[in-house]
Amino acid sequence: MGQADAPEQPTATTKPLNHQQRAFAAAYARLWKGAPAAREAGYSVKTAKQQATAMLNDQRIMAAVLAEAARLGMTTEEATVRMSEWGRVSIDDVMTLETEEYPTRIQKPLREIVAENYEKIQFEQELAIRTEILFTDKKDQKRYRNKQQEAHLLRLIAHERLLLELEKDPEATREVPGPLATREVVNLDLVKVHKLKAGHMIKKVTPTRYGTAVELHDAKDAVSQMLKIHGAYAPEKHDITTNGNDLPGSNIMMPDNGRD
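What follows covers the overall build of the chain. Looking only at helices and strands, the chain has nine helices and four strands in total. Along its sequence from the N terminus, the chain presents helices and strands in the succession α-α-α-α-α-β-α-α-β-α-β-β-α. In the chain, which comprises 260 residues, the share counted as buried stands at 20%. Restricting the contact set of the chain to residue pairs at least 6 apart, pairs at least 24 apart contribute 68%. Of the roughly 20800 Å² of accessible surface on the chain, 55% is carried by carbon and sulfur atoms.

One pass over the full model with this rule turns up three aromatic pairs. Note on Tyr 28 and Trp 32: the rings are 5.2 Å apart at their centroids and 65° apart in plane angle, and the pair reads as edge-to-face. Residues Phe 135 and Tyr 144 carry aromatic rings whose centres are separated by 4.8 Å and whose planes lie at 35° to one another, so their mutual orientation is tilted. Classification of Phe 135 by relative accessible area gives partly exposed; the value is 29%. Each residue in the set Phe 24, Tyr 28 and Trp 32 is aromatic and connected to the rest through ring pairs, giving one cluster.

Further remarks concern the pattern of salt bridges. Enumeration over the complete set of coordinates arrives at 11 salt bridges. Across the pair Glu 68 and Arg 71 runs a salt bridge, and its minimum N-O distance is 2.7 Å. Here Arg 71 and Glu 68 lie together in helix H4 (residues 59-72), a separation of three residues that amounts to about one turn. In this structure Glu 68 comes out as buried when scored by relative accessible area, which is 18%. By relative accessible area, Arg 71 is classed as exposed at 59%. A salt bridge links Arg 111 to Glu 171, with the shortest nitrogen-to-oxygen separation between them at 3.7 Å.

For the rest of this paragraph, the subject is the nonpolar core. Membership of the largest hydrophobic core comes to 15 residues, with the highest contact counts inside it found for Phe 24, Ala 38, Ile 61 and Val 65. When residues of this core are traced back to their parent elements, those giving at least two are helix H1 (19-31), helix H2 (34-40), helix H3 (48-56) and H4. Among the elements that make up this core, the one with the highest residue count is H1 (five residues). If we skip the residues at most four places from it in the chain, Val 65 touches Ala 25, Tyr 28, Ala 29 and Trp 32. In this structure, Val 94, Met 95, Ile 202 and Val 214 belong to the second largest nonpolar core, which totals nine residues.

Moving on, we get to the packing of helix H6 (residues 110-132) against helix H7 (residues 138-168). Two packed helices can be described by the angle between their axes and the distance between those axes. Interhelical geometry of H6 versus H7 gives an angle of 170° and a closest axis separation of 10 Å. On the basis of the axis angle, H6 is roughly antiparallel to H7.

A word on the environment of Lys 15. Considering the arrangement of structural elements, one finds Lys 15 in the segment before H1. For Lys 15, a relative accessible area of 57% corresponds to the exposed category. In this structure the C-alpha to C-alpha distance between Lys 15 and Arg 60, which are 45 residues apart in sequence, comes to 8.0 Å.

With that out of the way, let us pick up H6. The terminal C-alpha atoms of H6, which comprises 23 residues, lie 33 Å apart, in line with the 33 Å expected from a rise of 1.5 Å per residue. Within the sequence span of H6, burial applies to Leu 110, Ile 113, Val 114, Ile 121, Ala 128 and Glu 132. Along its buried surface, H6 packs onto strand E1 (95-109), H7 and strand E2 (173-188).

So, about the confidence of the model for the chain. The predicted model of the chain averages 81 in pLDDT, with 81% of residues at 70 or higher. Below pLDDT 50 for its whole length, residues 1-10 participates in zero contacts with residues either more than four positions away or in separate chains. Between residues 256-260, whose pLDDT stays under 50, and residues either more than four places distant or in other chains, the model counts one contact.

Between H1 and H3, whose axes approach to 11 Å, the crossing angle comes to 90°. When the axes of H1 and H3 are compared, the pair comes out roughly perpendicular. Every residue of H3 that contacts H1 at Gln 21, Phe 24 and Tyr 28 is listed here: Ala 52, Met 55 and Leu 56. A class-by-class count of the residues in the contact of H1 with H3 yields five nonpolar, one polar and no charged.

Turning to a nonpolar patch on the surface, a few remarks are in order. Together, Leu 153, Leu 154 and Ile 157 make up an exposed nonpolar region whose accessible area comes to about 310 Å². Following the sequence through the fold, Ile 157 ends up in helix H7.

Thresholds, definitions, all that
Residues numbered from 1 in each chain as written. Predicted model: local features only at pLDDT ≥ 70, side-chain atom pairs only at ≥ 80, totals over all residues. Heavy atoms only, no water. Helix = DSSP H or I, 4+ residues; strand = E, 2+ residues; numbered from the N terminus. Buried < 20%, exposed > 50% of the residue type's maximum accessible area, 1.4 Å probe, protein only. Contact = heavy atoms within 4.5 Å. Areas by Shrake-Rupley, 256 points an atom, 1.4 Å probe, with all protein chains shown as cover. Phe/Tyr/Trp six-rings, centres within 6.5 Å; stacked < 30°, edge-to-face > 60°. Salt bridge = Lys/Arg side-chain N within 4 Å of Asp/Glu carboxyl O. Core = buried A, V, L, I, M, F, W, Y, C linked by side-chain atoms within 4.5 Å. Axes fitted to C-alpha atoms, helices over the stretch in contact; angles between N-to-C directions. Parallel < 35°, antiparallel > 145°, perpendicular 65-115°, else oblique. Expected span 1.5 Å × (residues − 1). pLDDT = per-residue confidence, 0-100. Nonpolar A, V, L, I, M, F, W, Y, C, P; charged D, E, K, R; others polar. Patch = residues over 30% accessible without salt bridge, like charges linked within 9 Å, V, L, I, M, F, W, Y side chains within 5 Å.

Okay, here's the thing in structure tokens:
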């Protein structure tokens, strides 16, 4: 008599994943890095690497990872649309022309600077005298007076330096801030980006000393790829018999016959 078949035992692949394992699979499908995915799934920082290694050896979890990756992956139709958008987009679509003010620098005669500086010294001295009487406490008043006298002395010393320079060179000039001027600038317009839903068309945004540098995805490459998809290019021919090398016996050596 034959033996009865043993009851089928549940396999490891039929055991459902727990909450953390499902979270790890979802995170790993996005990150493709074990330890960060384990930490995101709630495993401790100390054991994240070991937990990730163990889970990646579990066929059930890897099947969940592949399923999630397939769900997140881009379809052929979506990739075609995205490539077409890259080919059509222009930098003008996300930039705005604006007018801004900027400070200028001008050369000013030193004699004018000396006169203006002296008026400033007189103003500061008069202000100090008027302000001193506002103090009701004698000690506070004295401290304020001493501080203002020290500042006044420093201003006088700086003024004497200017006078000496002017004596040595009556035609001297100094570069000083000039009036504000206006110029046109082009800036990234995040409102335009949002309205056009064009965030994915921007490859890189870099702040520079001259403004914001915006780099879009390569439109030329995108157009070329779309032409290939639509069969506009002739198929490339490849020599599969010689791997691109000369055929045996095909090298023909001709005498130069005096040719240059």
